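Residue-level structure breakdown
Residues per chain, in single letters:
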Amino acid sequence: MLPFLDLKGINQQYKQELMQAFERVLDSGWYIMGKELSTFEQRFAQFCGTKHCIGVANGLDALILVMRAWKELGLLHEGDEVLVPSNTYIASVLAITENDLVPVFVEPDPSTFNITAMGIKEKITDKTKVILPVHLYGQLCNMADIKELALKNNLLVLEDCAQAHGAMLDSIVAGNWGNAAGFSFYPGKNIGALGDAGAITTNDDRLAETLLALRNYGSHKKYENLYAGVNSRLDELQAAILSVKLPSIEAEIKKRREIANFYLNNIKNPLIKLPRVVSEEMHVWHLFVITCLQREALVKHLTDLNIQTLIHYPIPPHKQNAYKEYEHLSLPVAEEIHRTVLSIPMGPTLTLEDAKVVTDAINSFSL
Ligand SMILES: *Cc1c(COP(=O)(O)O)cnc(C)c1O
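Predicted model, so just to flag it, every value in this text is computed and none were measured.

Parameters and conventions
- Residues numbered from 1 in each chain as written.
- Predicted model: local features only at pLDDT ≥ 70, side-chain atom pairs only at ≥ 80, totals over all residues.
- Heavy atoms only, no water.
- Near = heavy atom within 4 Å.
- Polar contact = N/O pair within 3.5 Å; in protein donor to acceptor, adjacent residues only side chain to side chain.
- Areas by Shrake-Rupley, 256 points an atom, 1.4 Å probe, with all protein chains shown as cover.
- 1 Å grid on protein atoms, 1.4 Å probe; cavity = no way out; pocket = protein on both sides within 12 Å on 5 of 7 lines; lining within 4 Å.
- Sits in = over half its atoms within 2 Å of the grid points.
- Nonpolar A, V, L, I, M, F, W, Y, C, P; charged D, E, K, R; others polar.
- Pairing = 2+ DSSP bridges.
- Helix = DSSP H or I, 4+ residues; strand = E, 2+ residues; numbered from the N terminus.
- Axes fitted to C-alpha atoms, helices over the stretch in contact; angles between N-to-C directions.
- Core = buried A, V, L, I, M, F, W, Y, C linked by side-chain atoms within 4.5 Å.
- Buried < 20%, exposed > 50% of the residue type's maximum accessible area, 1.4 Å probe, protein only.
- Contact = heavy atoms within 4.5 Å.
- Salt bridge = Lys/Arg side-chain N within 4 Å of Asp/Glu carboxyl O.
- Lys, Arg positive; Asp, Glu negative; His and termini not counted.
- Patch = residues over 30% accessible without salt bridge, like charges linked within 9 Å, V, L, I, M, F, W, Y side chains within 5 Å.
- Points joined across faces, edges and corners; volume = space filled by probe spheres on them.
- Phe/Tyr/Trp six-rings, centres within 6.5 Å; stacked < 30°, edge-to-face > 60°.

This part takes up the site of the ligand. Taken together, Asn58, Gly59, Leu60, Tyr89, Ala91, Val134, Asp160, Ala162, Gln163, Ser184, Lys189 and Tyr313 make up the full set of residues near the ligand. Separating an oxygen atom of the ligand from a backbone N or O atom of Leu60 is a distance of 2.9 Å. A distance of 3.1 Å separates an oxygen atom of the ligand from a polar side-chain atom of Lys189. Considering the ligand on its own, with 380 Å² of exposed area, one finds that the protein chains cover 90% of that surface. More than half of the atoms of the ligand fall within 2 Å of the grid points belonging to the largest pocket. Of the residues belonging to the shell around the ligand, the class tally is six nonpolar, four polar and two charged.

Pairing in this open sheet of seven strands is mixed, and the strands run β1-β9-β8-β5-β4-β2-β3 from one edge to the other. The open sheet is flanked by β1 (52-56) and β3 (102-106), the only strands paired with a single partner. Mean inter-strand twist for the sheet, computed between neighbouring axes without regard to direction, equals 25 degrees. Summarising the sheet, strand β4 (residues 128-131) and strand β5 (residues 156-160) pair through two bridges and their orientation is parallel. Within β5, the position partnered with Val130 by the bridge is Leu156.

One broad rule of soluble globular proteins: the nonpolar side chains tend to lie buried together. Counting 45 residues, the largest nonpolar core has Met67, Trp70, Leu132, Tyr137, Leu158, Ile200 and Leu211 as the members making the most contacts within it. Going through the elements one at a time, β1, α4 (59-72), β2 (81-85), α5 (90-98), β5, α8 (205-214) and α12 (332-340) are the ones with two or more residues in this core. Top contributing element to this core by residue count: α4, with eight residues. Setting aside its immediate chain neighbours within four residues, Met67 contacts Leu76, Val82, Ala95, Ile96, Asn99, Leu101, Leu132 and Leu158. The next biggest cluster of nonpolar side chains, apart from the first, holds 43 residues, and it includes Cys48, Ala117, Cys161 and Val284.

Applying the stated criterion to the full structure yields eleven salt bridges. Of the charged contacts in the structure, one is a salt bridge between Glu72 and Arg68, with a shortest N-O distance of 2.9 Å. Of this pair, Glu72 and Arg68 both sit in helix α4, four residues apart, which is roughly one turn of that helix. Classification of Glu72 by relative accessible area gives partly exposed; the value is 35%. Here Asp360 and Lys356 are joined by a salt bridge, their closest N and O atoms 2.9 Å apart. Pair noted here: Asp360 and Lys356 are both in helix α13 (residues 352-363), with a separation of four residues, about one helical turn.

Time to look at the side chain of Glu107. Position of Glu107 relative to the elements: it lies in the loop between β3 and α6 (117-121). For the buried Glu107, no salt bridge is present, and the opposite-charge side chain at shortest range is Lys123, 7.8 Å distant. A distance of 2.7 Å separates the side chain of Glu107 from the backbone nitrogen of Val333, its partner in a polar contact. In contact with Glu107, not counting residues within four places along its chain, are Ser86, Ile115, Leu331, Pro332, Val333 and Ala334.

Judged by side-chain polarity, Phe22, Leu26, Tyr31 and Ile32 come together as a nonpolar surface patch covering roughly 380 Å² of accessible area. As for its position among the elements, Tyr31 is in the loop between α2 (15-28) and α3 (35-48).

Next up on the list: the layout of surface pockets. Considering only enclosed or pocket space, the largest pocket measures out at about 600 Å³ in volume. If you trace the largest pocket, you find 33 residues lining it, with Tyr89, Ser184, Tyr186, Lys189 and Tyr313 closest to the centre. Broken down by secondary-structure element, the contributors of at least two residues to the lining of the largest pocket are α4, α5 and β8 (180-184). The leading source of residues in the lining of the largest pocket is α5, at four residues. Grouping the constituent residues of the lining of the largest pocket by class yields 19 nonpolar, ten polar and four charged.

All right, on to the packing of aromatic side chains then. All chains considered together, the criterion is met by eleven aromatic pairs. Both rings, one in Phe40 and one in Phe44, keep their centres 5.6 Å apart while their planes meet at 25 degrees; by these two values the pair is stacked. Of this pair, Phe40 and Phe44 are both found in helix α3, four residues apart, which corresponds to roughly one turn of the helix. Comparing Phe40 with Phe44 shows no difference in burial state: the two are buried.

Printed below as a string of structure tokens:
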């Protein structure tokens, strides 16, 4: 079986350095909030071009804590509206409802799967306070337009960068466009820990200070608590692992782009729609997502040819059992996307020979 993503193979590339990192942390005798975390935070901030990086336990917490901090700072209040894509992974929406804020779903451009300034504009009301763009599948939203719209309407921007480490537009990297950004280092993400991990980036000093306290029980100073915070820390071991993997991100993105370009140039089947790339630097190909009206038959065809595929995602947030209150909404673009998308093998260890096998299999699909 050609796997959808060879996680083991990806991490084996760094085995020696990972073992050294493990030994370093083990021997240090210090496992939470130490040198490994501050080193990684500095390096990741530098990678994104931001002033601050705050490590947290996972990507969902990164998004939750930014909005929680805005509430503590008086910039957001219960019931305020947050504009979010109708076709995102549920974590983006959970972060909103966890803060007693109201998600307002914006339909995406079906060719890029991302929301646009035009779509966002239609949904702005008196209660709108935040735009939460998701750089879905690794392609940056058109942040120049979104930022301009946000400035005009006095809205905060929280980027969901969980799938877009290193994506760029006008030399500005994902995570440095909004007022803040949330990253995930879940093992399958483009920079993956060996467990859960996440981070927040921002250029806002006050926000950074609030987040540093919130992630650590709301404490800015040992045994003094400014807020009723949470325990959401990025531990030393995961930070050390991430420091091993971060320097290779550019090389890994390059490999993902080679595979993507092969697919884009060679998949030719009238039953398949390929994703639209706005510009090469904007896309880091976390996922290569095609659409097909006969998805079930295509999955069967590829499985029969020993090719593993996945669906990101089969059910849109407003149709989840968790969100019955939004079930009545009519969001036809999202619903069509969730009905037709299919993710084909993509990753930094996939070879062009593998990509050719996948391409030939897709090209041989017929009804
Ligand atoms: C993975 C992901 C998250 C959540 O990250 P975790 O680290 O798994 O909590 C949030 N948003 C998007 C778009 C994601 O893909």
